[in-house]
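Now for the letters of each chain:
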Amino acid sequence: MLEISDSTIITLNVNGKDRKIVAKPSDILLHTLRKELGLTGAKPGCENGDCGACTILVDDWPIKSCLMLTVEAIGKRILTVEGLNDAPIQQAFVENWGFQCGYCTSGFLMVCHSLSKIHPNADEQTIQNWLQSNLCRCTSYDEIENAIKSILKWEVYYERTGRK
Amino acid sequence: MDHIPRIKVNTLRKEAWDKVTGAAKYNGDIHTPDTLYAKMLTSTHAHASIKSIDTSDAENLDGVHAVITGDYIPVLSGSLIKDKPPIARNKVRYFGEPIAVVVASSKEKAMQAIKLIKVDYDPLPVVNSIANSIKSDATLIHESLGSYDCPAKNVYPKPGSNIAHHTKIRKGNMNKGWAESDVVIESKFKIPQSDHLAMETRNSRAKILPDGNVIIYTSSQAPFAVRKNLSELYNIPEGNVIVRVPLVGGAFGGKATVQTEYIAYLASKAVGGQMVEVMNSREEDISTSPCKIGLEAQLKIGATKAGIIKALECIYYADNGAYASTGPRMAKAIASDCSGPYNIENIHCDSFAVYTNHTYVTSYRGFGHAEFTFCMERMMDKLAASLQMDPIELRLKNAISPGDLSPTQSKITLSNTGNLTDCILRLKELTNWQEDRVVKMDNGMIRAKGMSCFWKTSTSPTDASSGVILTLNTDGSINLNCSAVEIGPGMKTTLAQILAEKMKMDVEKIHVVMNVDTQVSPNHWKTVASMTTFMVGNAVIRAAEDLIYQLRSIASVVLRCPPDDLDIKDQKIYLRDRPEIYVSFKNVVYGYMYPDGTCIGGQIIGRGSYIMRHLKTLDKETGKGKTGASWTVGAQAVEIEYDPKRYTYRLLKAITVIDVGKVINPKTATGLIMGGMSMGLGLATREEFLYDDVGVLEDTSLRTYKLIRFGEHPQYIVDFIETPQSDGPFGARGMGEHGILGMPAAFANAISLAAKAEFDMIPISPELIWKTKTGGKYDPI
C-alpha cells in the first residue's frame, strides 16, 4: 500500500504517457491535472460531483475528477480531452453544434467517448443513463443527443430491436 | 463573377475545434506561480448589523498575506444607484454577502483562514418577500436611500421605503377602455428568483503594476463596463484600467455586472499589487453573485365580445434583492413592453423594483420579458376561455402590426418589429392546432398543447455604441477586432460571416480576435440585450466599407483607373469589366511597391462604428419614449403528456417560430433558440430560489438547485420568418435571448388545460400540481 503524508513525487499515466508530478495526499485529481500538468480541458463547475464538467476517463470509465484524489489515480490509465486525438465524438460534436460556450464540452465528450467504447450499441435508455451525469446550460441537449447517436452503431441497434 | 453567399450558411464556429480538444482557454484556466488566492467570508444572516469582525487569528495564519473587510477603501458601487459596498460594511443585507476577504498563498490556506474570522452579528428583521417589502411600516433595507448617488438618469428610488425604482406607463384613456370592454378578467402571478447557472462560475484576477496600471482578467460579458466602473469607483484614470476577457463559459446576463472584479482589485491592492485570483465556488456563484429577478404581478384586462383587447392595467413588483444593480432597468423593461406583442390602446402600468433581503439581481436572459410574458400570456388564455374563443384566434386578432403604438407610444413598423401574424400562422401549422388541444389517451394519460407569443426590445443606454477595427495580413486575410465577448452564441463567427459577405471573400480567410482587451479592441457597450449582431454587425459593415474605399483608392493608382471602376472579390481588387486586370490584397495591405522599389500607400486599417439611433429616455409620468432599436416577435408552443393519477408530466414537444429578419447562420440560430427554450422550460418546471423563514437561501448547490438534464428534453422544432429590419446587418434583428421568453407561459397554458386547474405561478412541479389538485392532502388509498 502506498503511504504518503506530505508533498511527494508520484507517477501518473496521463494520455498514454507517464508523468511525474508533485502531489499532497489531499489533492484532488481535477486540480492536479489542471495545475500540475496544465491539462485545463477538465473544468471545475461545482466540485461536488453534480455537473460533470470535470469528467475524465480512468481505465476507460468516466469519473468526475473533482471526486477523486490524485493518489487514487496511481497505476491507472487517465484519459483527458487533450488525449482524445481525433476521436469520432469530437467531429460529431462539431458537426452537430453540440456546444455553445464550450465549458461543459470536455466532460460530455469524455462520457460520450467512453459510452461509444463500452456500449457501442447503446440503446436510448443507456444513452440517457450515461449522459444524465453531466449538465449543459447552453444547448437543449438535442444537439448532444444527435452527436452521440451519430457515432454509435445504430445499425446493430436497429437490427436488434427492429426500431428506428 | 458568381456570388458565393456567406450568410444563411452553416459556417462552423471559429473556435469549434478549440472547444472539442481542450485547447480553448477560459479565464480560470490560466495560472501563474506568483498568483495569490482570495476567498470570501460570506454572511450567514439575511439581514443583520455587524457588531464586530475579529480577523486577527486569520491574519496570523501562516501563508495568509492579507485580510480585508468593508472598512478597506469604503465606497459604494452601483451603475444605477450607488448602494452597494463591494464588501459589506456595518450591516449585511442578504445571505451570502461578502463580509471579509482573505488573500493567501493557496486556496486551501485562504479557506482555512476564513474559518478563523469571528463575526458578531446583531440580527435585524428580515424582509423576506415582496409583500413585506412594500408594507407601509416595512423594515428599511437602505435607511439612506434618499442620500445615495444615482449616476444614471431616470432612476427613481423612493426615500423612506424599499422601492428602488418605479416606471409608469400611462397610455390612452383607461375609462374609455373599460367602458368599451364587455369582458374583464383579473389575476395574480408569482415567479421566484432563480440563477443564471452558467457552467463556468464567475471569476477574476487582478494585478496592479508599478506604473499604476490595473490589469483585470475576468470572465465578464462587459469588459468596458468593468473598466468604467472600476475607474470611477476607485478613482483610477480609465486608460490605466486594462480589462482582458478570454472565452467565457456561459453568461446569460449574469456576467454583465461588476462584482468579483471589485473584490480581486481590492485584494490585489491589499498585497501590494500582486496577482490575486477570486474564483466563485458554485455555492458562492448562486448565493453571493447576482441572480435573476423574482416577480409578483396583478393584471386586469378588458376586451370586447369579439375579442378585441381594449384595456390593460398591471402592477409589477420585481424582487430586486438587497441592492439595486440592474434591477430598476428590468422594471423599466417590463413596463415598456407590458402589452406583449398586442395592440392595446389603453394601458396603465406601474412597475416597481423593490429591495428585499434576498440575493441581489442582475440582467438574465430576457431582461424581465420571460417573467411578464408569463403573466400576460396566461391572461390571454384566461381571456380566450372566458370569451370561448380559440387562444390562437384571440392572439391573431390582437397581434401587433404596423401603425400601432407600443406602451411607450413608439411607432410600430414592419421593419422594426417583424411579422407576428405570420409567426402565429406558421406555429398553427407546426402544432396541428386545429386538432383537439386536449386528448385523453387509452392509457389514461392526457396530452395537451399550450402556446404563447412574445416580443422583446432592448433596454440600452441611449448612447450605447460599438466599434470595429479591421487589419489585413500579407496573405490577404483580414483580422476582425471587436469587443463582443464570445460567451457562447457564436457571435464572433456570425460577425465574420457578415464581413465575408460584404468583402465577397471566403470566411476562412477572416480571423477573429477571440479575446477582448480593452486596450487593444474598440469599445462595445456590453455583450448583452441580443444586440451584438445588430450593433457590432453594423459596425463591421461600416468598417468593411471603409476598407473597400481604401483598397479601391490605392488600386485605382496601381491599375490607373477611377476607383468607381473597381470591384472587390476573393481578396482582389479588379476592373469590373476586365476582371483579369487586378491587384491582390496582399500587394497593397502594407503599401504598394512598384517594380523599381518605390512605394505608395501604407498600412490599410478599416474602422467602423455604430451608435444607437433615436433612443429616448422614458417620460417619468407617462413612460413615453423609446428604449430599443427594434422588437423581435415570435410564437411558441409546448406539448405535454400529463399523468392525472400521479400529477406528473413529460415534455413531448416544444416549438418556436420567430421573425429574426435574416438568418445569418441557420444552425447557430436554431441552437440559440433551442438553448433559450430549454432554459425557459427549466424556469417553467423546476428552477427557483428557496428561502427559509429567515431569508437563508436553501438551494445553493446543484444537488438542490435542479436543472433540466439529458433525456428530459422534448423534441424541439424551430422555424424562422424573415421580415428584414431595414437598419439591421443584412436585415438581421436580435434573437439571442428570445427562445426563453414564451416557454414558461406555453407550458403553464398546456398544464392548466391538462390538469384542469389554473397555474399562475412557476415553477410548476408535480408537487405543486398535486397540492393544487388535492389541497395537499395525502390520499390514504
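This one's a predicted model, so the numbers in the text were calculated from it and none came from an experiment. (Residues numbered from 1 in each chain as written. Chains lettered and ligands numbered in written order. Predicted model: local features only at pLDDT ≥ 70, side-chain atom pairs only at ≥ 80, totals over all residues.)

## Some words on the overall build of chain B
A tally of regular secondary structure across chain B gives 18 helices and 30 strands. Taking 28 Å as the expected radius of gyration for a compact globule of 781 residues, we find that chain B reaches 27 Å, a close match to that expectation. Overall, chain B is about 95 × 75 × 55 Å in size when its C-alpha atoms are taken along their principal axes. Taken across its 781 residues, chain B has 59% of its residues classed as buried. Contacts spanning at least 24 positions in sequence make up 79% of the contacts within chain B whose residues lie at least 6 apart. (Helix = DSSP H or I, 4+ residues; strand = E, 2+ residues; numbered from the N terminus. Rg over C-alpha atoms; globule rule 2.2 N^0.38 Å. Buried ≥ 20, exposed ≤ 12 C-beta atoms within 10 Å, placed from the backbone. Contact = placed C-beta atoms within 7 Å.)

## Let's talk about the overall build of chain A
When helices and strands are counted, chain A shows 6 helices and 5 strands. Ordered by position from the N terminus, the helices and strands of chain A form the series β-β-α-β-β-β-α-α-α-α-α. Its C-alpha atoms give chain A a radius of gyration of 17 Å, within 12% of the compact-globule value 15 Å for 164 residues. Counting across all 164 residues of chain A, residues that qualify as buried make up 52%. Taking all contacts inside chain A whose residues are at least 6 apart in sequence as the whole, residues at least 24 apart take part in 61%.

## Re the sheet that holds strand β11 (residues 241-245) of chain B
Two pairing modes exist for strands in a sheet, parallel and antiparallel, and in both the strands are linked by backbone hydrogen bonds. All names here are of chain B. Spatial ordering of the open sheet is given by β3-β5-β1-β12-β9-β10-β11-β21, a layout of 8 strands whose pairing is mixed. The open sheet has two edge strands with one neighbour each: β3 (64-69) and β21 (516-517). Those strands touched by helix α3 (residues 107-114) are β1 (36-42), β3 and β5 (98-104), and its axis lies near 30° from that of β1. (Pairing = 2+ DSSP bridges. Axes fitted to C-alpha atoms, helices over the stretch in contact; angles between N-to-C directions.)

## Digging into helix α9 (residues 327-336) of chain B
All names here are of chain B. Among the 10 residues that make up α9, 10 are buried, leaving the element largely enclosed by the rest of the structure. Every buried residue of α9 is listed here: Gly 327, Pro 328, Arg 329, Met 330, Ala 331, Lys 332, Ala 333, Ile 334, Ala 335 and Ser 336. For α9, the elements touching its buried residues are β7 (163-171), β14 (309-321), β15 (346-355) and α10 (369-387).

## A word on the domain arrangement of chain B
Residues and elements named next belong to chain B. Examined at the domain level, chain B breaks down into domain 1 (34-126 + 198-251 + 255-287), domain 2 (294-460 + 616-774) and domain 3 (464-611). Each of domain 1 and domain 3 has a C-alpha centre, and these two points are 40 Å apart. Counting from both sides, the interface comprises 16 residues of domain 1 and, opposite them, 17 residues of domain 3. At the level of elements, α6 (223-234) and β11 are the ones that each hand at least two residues to the side of domain 1 that touches domain 3. (Domains from an automatic or database assignment.)

## Topic: the interface of chain B and chain A
How big an interface is tends to be expressed through the accessible area that disappears when the partners come together. Each partner contributes residues to the interface: chain B has 42 residues there, and chain A has 39 residues. When residues of the side of chain B that touches chain A are traced back to their parent elements, those giving at least two are α1 (16-19) and α16 (666-685) of chain B. Counting residues per element, the side of chain B that touches chain A draws most heavily on α16(B), at 7 residues. Its residues placed into classes, the side of chain B that touches chain A shows 19 nonpolar, 15 polar and 8 charged. (Nonpolar A, V, L, I, M, F, W, Y, C, P; charged D, E, K, R; others polar.)

## A short note on the domain arrangement of chain A
Residue and element names in this part refer to chain A. You can read the domains of chain A as domain 1 (8-83) and domain 2 (88-161). Across the boundary between the two partners, domain 1 contributes 14 residues, which contact 13 residues of domain 2. Breaking the side of domain 1 that touches domain 2 down by element, the ones donating at least two residues are β3 (55-58) and β4 (61-64). The element best represented in the side of domain 1 that touches domain 2 is β3, accounting for 3 residues.

## Some details on the packing of helix α2 (residues 88-95) of chain A against helix α3 (residues 105-118) of chain A
Residue and element names in this part refer to chain A. Put simply, α2 and α3 touch, their axes get as near as 9 Å, and they point 125° apart. With respect to each other, α2 and α3 are oriented oblique. Taken as a pair, α2 and α3 cross one another with a handedness that is right-handed. Residue-level contacts link Ile 89, Gln 90 and Phe 93 of α2 to Thr 105, Leu 109, Cys 112, His 113 and Ser 116 of α3. Its residues placed into classes, the contact of α2 with α3 shows 4 nonpolar, 4 polar and no charged. (Parallel < 35°, antiparallel > 145°, perpendicular 65-115°, else oblique. Left-handed = near helix turned anticlockwise from the far one by under 90°.)

## Some thoughts on the pairing of strand β2 (residues 17-23) of chain A
All names here are of chain A. Bridge analysis of strand β1 (residues 8-14) against β2 gives 7 bridges, and the strand direction is antiparallel. Across the sheet, residue Thr 11 finds its bridge partner in β2, namely Lys 20. Linking two consecutive strands that pair antiparallel, namely β1 and β2, is a turn of 2 residues; a positive phi of about 50° is found at Asn 15 within it.

## Quick word on helix α7 (residues 260-270) of chain B
Residue and element names in this part refer to chain B. Among the 11 residues that make up α7, 11 are buried, leaving the element largely enclosed by the rest of the structure. Listed as buried for α7 are Thr 260, Glu 261, Tyr 262, Ile 263, Ala 264, Tyr 265, Leu 266, Ala 267, Ser 268, Lys 269 and Ala 270. Looking one or two places after α7, you find Gly 272, whose phi comes out positive at around 75°.

## Describing the sheet that holds strand β2 (residues 48-54) of chain B
All names here are of chain B. Across the sheet, which stays open at both edges, the 3 strands sit in the order β4-β2-β6 with antiparallel pairing between neighbours. Two strands bound the open sheet, and with one partner strand each, they are β4 (91-92) and β6 (118-123). Here β2 pairs with β4 via 2 bridges, running antiparallel. When the sheet's bridge partners are listed, Ser 49 is paired in β4 with Lys 91.

## Things to note about unusual backbone geometry
Ile762(B) connects to Pro763(B) through a cis peptide bond whose omega is 0°. Here Pro763(B) lies in the loop between α17 (743-755) and α18 (766-774). Positive phi, close to 50°, is recorded for Glu47(A), a residue that is not glycine. As for its position among the elements, Glu47(A) is in the loop between α1 (29-36) and β3. According to the C-beta neighbour criterion, Glu47(A) is buried, with 20 such atoms within 10 Å. Positive phi, normally seen in glycine, also occurs at Trp97(A), with a value near 55°. Positionally, Trp97(A) belongs in the loop between α2 and α3.

## Re the pairing of strand β17 (residues 446-457) of chain B
All names here are of chain B. The element β17 is largely enclosed, with a buried count of 10 among its 12 residues. The pairing of strand β16 (residues 438-440) with β17 spans 3 bridges and is antiparallel. Across the sheet, the residue bridging to Val 439 is Arg 447, located in β17. Counted between consecutive antiparallel strands, the loop separating β16 from β17 contains 5 residues, among which Gly 444 sits at a positive phi close to 90°. Looking at chain direction, β17 and strand β28 (residues 631-643) are connected through 12 bridges and run antiparallel.

## Some thoughts on the environment of Gly75(A)
Relative to the helices and strands, Gly75(A) is located in the loop between β4 and β5 (77-79). When the C-alpha positions of Gly75(A) and Asp59(A) are compared, they lie 9.6 Å apart, and in sequence the two are 16 residues distant.

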